[in-house]
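Per-entry structural report
One letter stands for each residue in the lines below.
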Amino acid sequence: MTVPDLRALVEGATRILSEAGVQSPRHDATALAAHVLGLDRLELALPPPVPDGFAEQFAGLVERRRNREPLQHLVGTTGFRYLTLLVEPGVFVPRPETEVVAQVAIDEAARLTDPLVVDLCCGAGGIALSVATEVRAARVVAVDLSPEAVDLTRRNAVAVGAVVRVEHGDVADPTMLSELDGTVDVLVANPPYIPPDAEPVDPEVRDHDPDLALYGGGLDGLDVPRAVLRAAARLLVPGGLLVMEHAEVQDAAAREAAAATGAFVDVESRPDLTGRPRMLVARRAAQPHVTDSAP
């Protein structure tokens with residue numbers, strides 16, 4: 001029996017994935033083929049010969065992708081800004097839209113001398129490690145409630161050659177990183193924020209990302225983001241910058257929550273690459289001046 005060439009195998013996989021509703025079928029089919037071949041990328045214009053056993057292994061991965069297992073889980077990595085990160089089941093997969101959130105934190109850290117940056121709800125470590133590798137002067141601390149995320153961020157730090165302090169902690173704990181109170185220059189977070197009645201549409205997210213990293217708590221999904229605001233009010237230096245991702249429908253509520261703390265000024269929503277309001281940006285207000293004047 002004649003084995004189809006690589007281009008034909010990828011074309012067939014593309015059709016299967018397209019029929020299954022995968023959003024980027026050709027990209028995913030090509031990425032799976034490259035993974036089986038042990039290549040970083042695959043150019044189908046001049047495809048390599050099909051090695052023994054390739055068709056069977058490739059077909060198995062395509063079937064799993066057809067059943068909507070995340071591509072990142074199947075190949076074990078994902079790209080985030082300039083980094084290649086390890087990803088695995090049980091830890092939230094970094095998303096391209098969060099790269100814009102990271103950019104704001106990186107720009108702020110880059111203009112400072114010896115900045116201290118904290119990444120709360122760090123997941124696989126994309127934001128923290130991007131800051132650490134793009135702003136070499138930055139001291140970076142990453143925190144997550146998930147032990148699996150803490151372990152993965154530590155392994156990713158080693159893989160990309162970044163020096164980052166990674167801690168297991170609950171953003172709602174008022175003693176979390178208490179030794180850093182009032183010393184942090186930039187606090188950035190991509191917390192869970194999905195409301196309980198807003199189940200994700202994509203099976204890759206709904207069925208494979210951990211609930212701990214998705215649902216923000218409370219009727220509006222903003223319990224954890226409000227905890228981030230309280231932590232930021234405590235940790236940031238006066239004038240320090242807060243950057244926090246949220247859902248596009250939460251921009252007004254996030255601004256109101258920040259204003260309600262009384263701790264922030266210059267509170268604004270900023271857009272993602274598609275123009276949707278997806279992040280809160282605010283500065284820590286100056287501490288009130290206290291005098292000892294007698295009556």
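The structure under discussion appears in the preceding block.
Summarised in this report is the structure supplied together with it. (Residues numbered from 1 in each chain as written. Predicted model: local features only at pLDDT ≥ 70, side-chain atom pairs only at ≥ 80, totals over all residues. Heavy atoms only, no water.)

**Quick notes on the side chain of Asp251**
With respect to the secondary-structure elements, Asp251 resides in helix H11 (residues 251–261). For Asp251, a relative accessible area of 18% translates into the label buried. Contacts of Asp251, omitting those with residues within four sequence positions, involve His246, Ser269 and Pro277. (Helix = DSSP H or I, 4+ residues; strand = E, 2+ residues; numbered from the N terminus. Buried < 20%, exposed > 50% of the residue type's maximum accessible area, 1.4 Å probe, protein only. Contact = heavy atoms within 4.5 Å.)

**A few points about helix H7 (residues 147–160)**
With 14 residues, H7 ought to run about 20 Å at 1.5 Å a step, and its terminal C-alpha atoms sit 20 Å apart, in line with that. Within the span of H7, buried status applies to Ala149, Val150, Leu152, Thr153, Asn156 and Ala157. Take H7 and look down its axis: the buried residues cluster within an arc of 165 degrees, on one side only. H7 presents Pro147, Val158 and Ala159 as exposed residues on the side facing more than 90 degrees away from its buried surface. One or two steps after H7, the chain reaches Gly161, where phi turns positive at roughly 75 degrees. (Expected span 1.5 Å × (residues − 1). Arc of directions from axis to C-beta.)

**Points about the environment of Val150**
One can find Val150 in helix H7. On the basis of relative accessible area, Val150 is assigned to the buried category, the value being 3%. Remark: the alpha-carbon pair of Val150 and Cys122, spanning 28 residues in sequence, is separated by 8.0 Å. Ignoring any residue separated from it by four or fewer positions in sequence, one finds Val150 in contact with Asp144, Val166, Glu167 and His168.

**Comments concerning H11**
Taken together, the buried positions of H11 are occupied by Asp251, Ala254, Ala257 and Ala258. The buried residues of H11 all sit within an arc of 130 degrees when viewed along its axis, so they share a single face. Turned more than 90 degrees away from the buried face of H11, the exposed residues are Glu256, Ala259 and Ala260. Lining the buried residues of H11 we find helix H10 (223–235), strand E8 (264–271) and strand E9 (277–284). One or two residues past the end of H11 sits Gly262, with phi positive at roughly 70 degrees.

**Let's talk about the nonpolar core**
One recurring pattern in soluble globular proteins: nonpolar side chains tend to sit buried together. Core analysis: the biggest nonpolar cluster contains 32 residues, and Val117, Val140, Val164 and Val243 have the highest contact counts within it. Only strand E2 (83–86), helix H5 (98–110), helix H6 (126–134), strand E4 (139–144), H7, strand E6 (184–189), strand E7 (236–245) and E9 provide two or more residues apiece to this core. Tallying contributions element by element places H5 first for this core, with seven residues. Setting aside residues up to four positions removed in sequence, Val117 forms contacts with Ala109, Val131, Ala138, Arg139, Val140, Val141, Val186 and Val188. Of all hydrophobic cores here, the second largest spans 28 residues; its members include Val118, Met244, Ala263 and Leu280. (Core = buried A, V, L, I, M, F, W, Y, C linked by side-chain atoms within 4.5 Å.)

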